[in-house]
Amino acid sequence: MRGLPDLGPELGALLHGVAGTSPYLGRSIEREAEWLAEALDQAPEATMATLCDGARLAERPEIGTTLRRLKRRAALIIALADLGGLWPFETVTGALTDFAEASAAAALVAALRPSVEKGRLPGLTTDDLDQGAGLFVLAMGKMGARELNYSSDIDLICLFDAKRFERDALFRAREGYIRAVRRFTQTLSQQTEEGYVFRTDLRLRPDAGSTPVAMSLQAAELYYEAEGRTWERGAFIKARASLGDLDRGRGFLRALQPFIWRKHLDFATLHDVQDIRSRIRQHKALDRGAEAVAGHDVKLGRGGIRDIEFFTQTRQLIAGGRDPGLRAPGTVPALAALAQRDWISQDTADRLSARYVELREVEHRLQMIADAQTHRLPKTREGFEQLACLMGHSDAARLERDLAELFADVDALAAPFLSPGAPLNPSAALAPPSDEVQRLVDRWPSYPALRSERGRQIFERLKPSLLAQFARAARPEEALASFDSFLNQLPAGVQLFSLFEANPALVDLLVDICAVSPALARYLSRHAGVLDAVLMGEFFAPWPGLEALTEGLNAALEGLDYEAAMDTARRWQKEWHFRIGVHVLRGLITPAEAAGQYSDLAQAVLSGLWPVAQAETARRHGWIPGGAGAVLAMGSLGARQMNAASDLDLIVIFEAQGGAVSDGARPLEARGWYAKATKALIAALSAPTGKGVIYAVDLRLRPSGGSGPVATSLQAFESYQRDKAWTWEHLALTRARAVAGPAALRASVEAVRCAELARPRDPEMVLRDTAEMRAKLREAGRMGSTFALKDGPGGLQDIELTAQAWALIGGIDAQAPSAQLTLAGRQGLIEMQAADRLAAIHGAQSEVLQILRLVGPSESDGKALVPEDFGAAALSLLLGAAKASEMDVLKAKLDALRSEAAAIVASLSGPEAG
């Protein structure tokens, strides 16, 4: 070629082939022959580094000419490295992005300089130019993700901090920035005889039709908070602070995270994206099938680049608020992250990633031909032959077939997700519906969740499948009545209905819950966000254990203030609490395993929130030097016997040097400080908020009960237990367990507890005092019945009092009733046969109570647990737990167990026992 030396057969053939198929590159080779001859003697990476350095150093008045010449050289060397097979796709797009950023940086400094020098930016000097003179530029789209193609626009948003200017100077500064941004874009975009640098698009800024090209970050934040739309959230996935005041740019993006990433799974986004995609197709007349290759748009057409990007970004928007690992700006890395977290299959990720790279390479070749921003495939045979040559294909017809297969493959993978939803099973319904069903269905439109037009539209698509699912339940009308209650209590429906429509398996789960556990359905209506957890990949995995739970919550709470920690802990606890209930309903765990899991969950919550409560107290009052506090769990948590409706019996114990005072602006002595921390913990657990409560808390088991301080020093606790505690308080101590606080203090509390239990006891006095407790319970009306399993002779509490009494007599430090009874038998305090039998009855009753608490009304509802009122599925679950064939058999079995337990308890409660 003219001006080029002999380059050898391979390089010469490459240049001749490029020049013959790309008029733009051919002209560039001729114009840059002298430079190219030298550039080809070094690695393309080194050449690009030199070109980027040259762009960054370009200055007025010749900056436009300089940048255009350098852009021509960059496009040429990148094309040769690409077409010659030296660089993969990621290197090509990265090199284009690096050069664009270097060019834009020089253009920005040059554009701002006149505004600074003429005093249009008050208080700023030329020393501020390297930091954008207060302006920052966000790179959006492919530039933000470092994925630029050959003829990409660069999408930018230009913002400044209005707060740095006095009110009188702000108008002048705004005008200065606007003029600078116009000069900046003109330098890059204007077409001259040297070409252009990069076409620059500023239309992604807020309300672009009515806002200036440079606006304040404060106005932008207000816009996104009040009016931001789904497409703008998607655009910000790729956003990057690129030029100017980068610290302010990064701060702005951090402030925008709640707008981009929603706390809950956001399946309503899917409908917005589906609508955007449909409107693009209609506007661009792109509704032809993927099989029409000639003239097909590889970016916006069916099965094209945008389909893969929409497929990826929509899933990122749906789940990225909960999982920061999904927030990758690049399409291929984002697909890999989605597969890693089981949002898509690995096969789907691999295929779409490969297809994305292939489509982007086709896009590059199309744009190389004439340096035009085109995405349309040729319509003529000659055009396809030209493209085939650039792509290394010898057969244009084969290329056309390969592209048809490529578009069809992408369409098959993406279209089901991106096409507007249809009913899950439009032909199925209750046919004909009963009068009761019709009555329920007729009143649904009046419910709060169905008052919005969008909510009604989505629900109408769901309704046929929902009704069909309920028709297959064991007792359809019972299950549907439970669903009706669930639907009536939903405050809003769009997000949840979108979640169901996009995830049919959740509809199956909802039907199961409504059929089996109206109580869990009511819980779900108040906390529908817990369904997010079902889709996060680990919902049906084995129980992680206390240590992993604690680490997970601590990680979620790290860096949060008190209010944010409360909300986060509530959401986290409710998801795990719901998970346990579902696992019981689905038969994945036994009721006994559920008791341990509910207890692990409560302990993890206390371990996470106790430091938060102390930090909130320290924020107001400073810290107690050398002080430490621990939480002692009593009752069901202490014994690891919690159920779905359990509350927490707690005692807070602290240790501090005598006379210690906190070191804050409002100092407190230790007892007052830990009392404040205890109240902060109780509020975190049980104060009613929009996220509900976590647990009800009872502190009446603390020393001196309701009249005592809410936090007790270790010394006072030890002294009280030794000298003042009643027998019933020592009985409660047998079930105590330190669950939160420093390990050293927890060990000290446990040592005090064990020492107190080891003191010699008068068995007759312990049994007499225990008998008095039973009498007081009877006087209070706690008589028990078949399904009031906790109360009365032979009930759970009766067995537990017996186990506690013998644990106290024998100095046994086990907390669970079965362990207490077994150890009492092994020590010869009671007959081993009686101990084993009583432990077995307690276990059987506990399993039935676990199911009753899960499927029946909670104690706070003020309703008795009457299994006859339960649905068929709930009764089946209850009968299975009790190993009974029918309700009459269950009643007889429970009554017989109660009678047997009462007789054993009576034999162990008199002076002759043991």
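Scroll up for the structure.
Structure report, in brief.

Scoring rules and cut-offs
- Residues numbered from 1 in each chain as written.
- Predicted model: local features only at pLDDT ≥ 70, side-chain atom pairs only at ≥ 80, totals over all residues.
- Heavy atoms only, no water.
- Helix = DSSP H or I, 4+ residues; strand = E, 2+ residues; numbered from the N terminus.
- Buried < 20%, exposed > 50% of the residue type's maximum accessible area, 1.4 Å probe, protein only.
- Contact = heavy atoms within 4.5 Å.
- Areas by Shrake-Rupley, 256 points an atom, 1.4 Å probe, with all protein chains shown as cover.
- Pairing = 2+ DSSP bridges.
- Phe/Tyr/Trp six-rings, centres within 6.5 Å; stacked < 30°, edge-to-face > 60°.
- 1 Å grid on protein atoms, 1.4 Å probe; cavity = no way out; pocket = protein on both sides within 12 Å on 5 of 7 lines; lining within 4 Å.
- Points joined across faces, edges and corners; volume = space filled by probe spheres on them.
- Nonpolar A, V, L, I, M, F, W, Y, C, P; charged D, E, K, R; others polar.
- Salt bridge = Lys/Arg side-chain N within 4 Å of Asp/Glu carboxyl O.
- Expected span 1.5 Å × (residues − 1).
- Bend = angle between axes of the 7 residues up to and from the residue.
- Polar contact = N/O pair within 3.5 Å; in protein donor to acceptor, adjacent residues only side chain to side chain.
- Core = buried A, V, L, I, M, F, W, Y, C linked by side-chain atoms within 4.5 Å.
- Axes fitted to C-alpha atoms, helices over the stretch in contact; angles between N-to-C directions.
- Parallel < 35°, antiparallel > 145°, perpendicular 65-115°, else oblique.
- Left-handed = near helix turned anticlockwise from the far one by under 90°.

## Points about the overall build of the chain
Helix and strand counts for the chain stand at 39 helices and ten strands. In the chain, buried positions account for 56% of the 914 residues. Considering only residue pairs separated by 6 or more positions, the chain has 74% of its internal contacts joining residues 24 or more positions apart. If you sum the accessible surface of the chain, you get close to 38,000 Å²; carbon and sulfur atoms cover 51% of it.

## Observations regarding the pairing of strand E7 (residues 648–655)
For E7, a buried count of seven out of eight residues is recorded, marking the element as mostly surrounded by other parts of the structure. As paired elements, E7 and strand E8 (residues 697–698) share two bridges and run parallel to each other. When the sheet's bridge partners are listed, aspartate 649 is paired in E8 with aspartate 698. Pairing analysis gives three bridges linking E7 to strand E9 (residues 711–713), with the strands arranged parallel. Its bridge partner being in E9, isoleucine 653 is matched across the sheet by threonine 712.

## Notes on the packing of aromatic side chains
Given two aromatic rings, their pairing is described by the distance between the two centres and the angle made by the two planes. One pass over the full model with this rule turns up 15 aromatic pairs. Pairing phenylalanine 89 with tyrosine 356 gives two aromatic rings, centres 6.3 Å apart and planes at 90°, and the pair type is edge-to-face. Residue phenylalanine 89 is found in helix H6 (residues 89–117), and its partner tyrosine 356 is found in helix H16 (residues 346–370); the two are separated by 267 residues along the sequence. With a relative accessible area of 6%, phenylalanine 89 lands in the buried category. Given a relative accessible area of 0%, tyrosine 356 falls into the buried group. An aromatic cluster is present here, built from Tyr223, Tyr224, Phe236 and Phe259 joined pairwise through their rings.

## What about empty space enclosed by the protein?
The final tally for this structure, using the stated rule, is five cavities of 30 Å³ or more. Here the largest cavity defines a volume of roughly 50 Å³. Lining the largest cavity, in full, are Tyr24, Leu25, Lys71, Ala75, Tyr150, Ser151, Gln367, Met368 and Asp371. Contributing elements (two or more residues each) for the lining of the largest cavity: helix H2 (23–31), helix H5 (63–83) and H16. Among the residues forming the lining of the largest cavity, the class breakdown is five nonpolar, two polar and two charged.

## Comments concerning the pattern of salt bridges
Any two side chains of opposite charge can pair, so long as their charged atoms come close to each other. Using the criterion set out here, one finds 42 salt bridges in the structure. As a salt-bridge pair, aspartate 98 and arginine 146 come within 2.8 Å of each other at their nearest N and O atoms. Of this pair, aspartate 98 sits in helix H6 while arginine 146 sits in the loop between helix H7 (141–144) and strand E2 (154–160), placing them 48 residues apart in sequence. You can call aspartate 98 partly exposed: its relative accessible area is 32%. Of the charged contacts in the structure, one is a salt bridge between arginine 619 and glutamate 616, with a shortest N-O distance of 2.8 Å. In this pair, arginine 619 and glutamate 616 are both assigned in helix H28 (residues 591–621), three residues apart and thus about one turn of the helix distant. Through salt bridges with shared partners, one network takes in Asp347, Arg351, Arg355, Glu358, Glu405 and Asp409.

## Quick notes on helix H20 (residues 453–471)
Compared with an ideal rise of 1.5 Å per residue, which puts 19 residues at 27 Å, H20 spans 27 Å between its outermost C-alpha atoms and is within 8% of the ideal. By the largest-angle criterion, leucine 462 marks the main kink of H20, which is about 40°, and a proline, proline 464, follows within four residues. Gly455, Ile458, Phe459, Leu462, Lys463, Pro464, Ser465, Leu466, Leu467, Ala468, Gln469 and Phe470 are the residues of H20 that are buried. Two or three places before glycine 455, at the start of H20, stands the capping residue serine 452, its side-chain oxygen 3.0 Å from that residue's backbone nitrogen.

## Comments concerning the nonpolar core
Residues Trp444, Phe483, Leu606 and Leu609 are the most contacted members of the largest nonpolar core, which totals 110 residues. Among the elements that make up this core, the one with the highest residue count is H28 (twelve residues). For tryptophan 444, the contacting residues outside a window of four places in its chain are Leu450, Phe459, Lys463, Leu467, Leu480, Phe483, Asp484 and Leu487. Counting 74 residues, the second largest nonpolar core, distinct from the first, contains Val18, Leu121, Leu156 and Leu390.

## Here we look at the pairing of strand E6 (residues 628–634)
Of all the seven residues making up E6, seven are buried; the element is thus mostly covered by neighbouring parts of the structure. Of the two faces of E6, the one holding Ala628, Ala630, Leu632 and Met634 and the one holding Gly629, Val631 and Ala633 are both buried throughout. In this structure, E6 lies alongside strand E10 (residues 737–740), joined through three bridges in antiparallel fashion. If you follow valine 631 over to E10, its bridge partner there is alanine 740.

## Considering the side chain of serine 353
Tracing the sequence through the fold places serine 353 in helix H16. Polar side-chain contacts of serine 353 include one of 2.7 Å to the backbone oxygen of alanine 349. Ignoring anything within four residues of it in the chain, the contact list for serine 353 reads Val332 and Leu335.

## Some words on the packing of helix H4 (residues 44–57) against H5
Interhelical geometry of H4 versus H5 gives an angle of 165° and a closest axis separation of 10 Å. Considering the angle they form, H4 stands roughly antiparallel to H5. Regarding H4 and H5, the two cross each other, and that crossing is left-handed. Together, Pro44, Thr47, Met48, Leu51, Gly54 and Ala55 of H4 and Leu67, Leu70, Arg73, Ala74, Ile77, Ile78 and Ala81 of H5 make up the contact between the two elements.

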